[in-house]
Amino acid sequence: MRKLITVLTTGVLCASVGMTVLAGSAMAKDVVKLAFVGPLTGGNSSIGLGGRNSADLAVRMRNADPKSKYTYELVIQDDECRPNVGVQVATKIAADNNIVAGVTHFCSAVAMGTVGVYHRFGMPAVVWGAVLPEITYGNNFKEIHRVNGTMINQSEVAAKFMTGQGYKKWAIIHDTTDYGKGHNKYFSDFLHKNGGSVLATFGVTADQQDFTTELTKIREMKPDVIYFGGLTPLGVRIRTQMAKLGIKAQFEGTSGIMSEAYIQGVGKELGEGSLAFIEGAPWEKLPGGLAFKGKYIQQKYSEPPEAYGPFAFAATNLIIDAVEQVGPNRKKVLGVLNATKNVDTLIGKVTFDDHGQNIVSLVTKYVVEDGKWQVWEDSSYGKGKKKLSGL
């Protein structure tokens, strides 16, 4: 098993965000450790690295603030998007009482496997990307919070939007993890409620390479849309093999494919018109969005923030704000997080309900146009200048 374990001490990097802190003052501050956990290697690493960089940026910016009471240190762990690895690294950071809290997990199967660990050790955790509802609602663990929404939000909007476009018939392919099965369940339910029909459903393993059998059957059914419930690596293979088999159906994914890696993997031409849905308003249009983008570029990270970077940035700042308010004490930080109401963040206002779930009222629709993910309403498709497949 390959692990990527990195500790970034960012107090010395203050000048890189254009601020000055007197060396003597910085040295005098107590150091507070936070953890970041995400997939930093493997097929979902682009999302994980964007999340890591965004959490790192939040720490750098706070360390550059002379008003900050503490110097923050980010302890970074790679969960590889594998539940067994996730439990190991979650246990490692939760057992370290010097780590006050964690910004945790993009992959739902990993997040589900670790909630009990954080609960057992009493370590506050703020999920930054995993969308399975049971992560927050499956238990009443007060240590678990989530800044992004759930697949329920995504599925409802996706079903209403697609049936509203005039599509009638779907074939569904989903991975057989809790993530994929959850998307299949909720999307299918909302699809039926909105007048759509599912011709066939195929569960596939996350490491499957060849989809000739499933796609050949789908081609014979002639669906309007192929809905994919899974993450980028699998989505790339399916979309690519659709083209090889001459399948012209519209390709619809979840937030799990909304990454630059998806477009790079399928290519500009095949990526064109692909759809995805993600919770929250477009961060670029929110107060602070342009500033975040500017600071991120200034750091010259090797990877983009990707779709969930802003959520990791927001989660990190919520934890830091709690520490600034009550000090580096897990129980006290937990109390502040559980009382979060209408807090302004990069992703909009955050309010945690009684299960630590941020109440998200908006889901944004995205489409690939000219090699980039675009907000639907801002795209040529949304403006009626281009048409999705089959319309």
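Coordinates for the structure precede this section.
A short tour of the structure in this document, coming up. (Residues numbered from 1 in each chain as written. Predicted model: local features only at pLDDT ≥ 70, side-chain atom pairs only at ≥ 80, totals over all residues. Heavy atoms only, no water.)

### Details of the state of the cysteines
Enumeration over the complete set of coordinates arrives at one disulfide. With its sulfur 2.0 Å from that of its partner, Cys81 forms a disulfide with Cys107. Across the disulfide from Cys81 to Cys107, rotation about the S-S bond amounts to roughly -115°, and the bridge is consequently left-handed. A residue pair is termed long-range when its members are at least 10 positions apart, and Cys81 in the loop between β3 (71-78) and α3 (83-94) and Cys107 in the loop between β4 (99-104) and α4 (108-121) qualify at 26 residues. A relative accessible area of 21% places Cys81 in the partly exposed class. (Disulfide = S-S within 2.5 Å. Helix = DSSP H or I, 4+ residues; strand = E, 2+ residues; numbered from the N terminus. Buried < 20%, exposed > 50% of the residue type's maximum accessible area, 1.4 Å probe, protein only.)

### Let's talk about the environment of Thr150
Following the sequence through the fold, Thr150 ends up in the loop between β6 (144-146) and α6 (151-164). Overall, the relative accessible area of 4% leaves Thr150 in the buried class. Linking Thr150 and Met112, residues 38 residues apart in sequence, is a C-alpha distance of 13 Å.

### Re the pairing of strand β14 (residues 363-369)
Regular strands place side chains that alternate from one sheet face to the opposite one. Of all seven residues in β14, seven are buried; the element is thus mostly enclosed. Of the two faces of β14, both are covered, the one formed by Val363, Lys365, Val367 and Glu369 as well as the one formed by Thr364, Tyr366 and Val368. Alignment of β14 against strand β15 (residues 372-375), held across four bridges, turns out to be antiparallel. Paired with Tyr366 across the two strands is Val375, which belongs to β15. Taking the residues that link successive antiparallel strands as the turn, the β14-β15 hairpin has two residues, and the phi of Asp370 there is positive, at about 55°. (Pairing = 2+ DSSP bridges.)

### Re the nonpolar core
Core analysis: the biggest nonpolar cluster contains 91 residues, and Phe36, Tyr118, Leu215, Ile238, Tyr308 and Trp373 have the highest contact counts within it. Among residues more than four places away in sequence, those in contact with Trp373 are Ile257, Met258, Ser259, Tyr262, Ile263, Ser274, Leu275, Ala276, Tyr366, Val367 and Val368. Core analysis: the second largest hydrophobic core is formed by 19 residues, Tyr167, Trp170, Phe187 and Val363 among them. (Core = buried A, V, L, I, M, F, W, Y, C linked by side-chain atoms within 4.5 Å. Contact = heavy atoms within 4.5 Å.)

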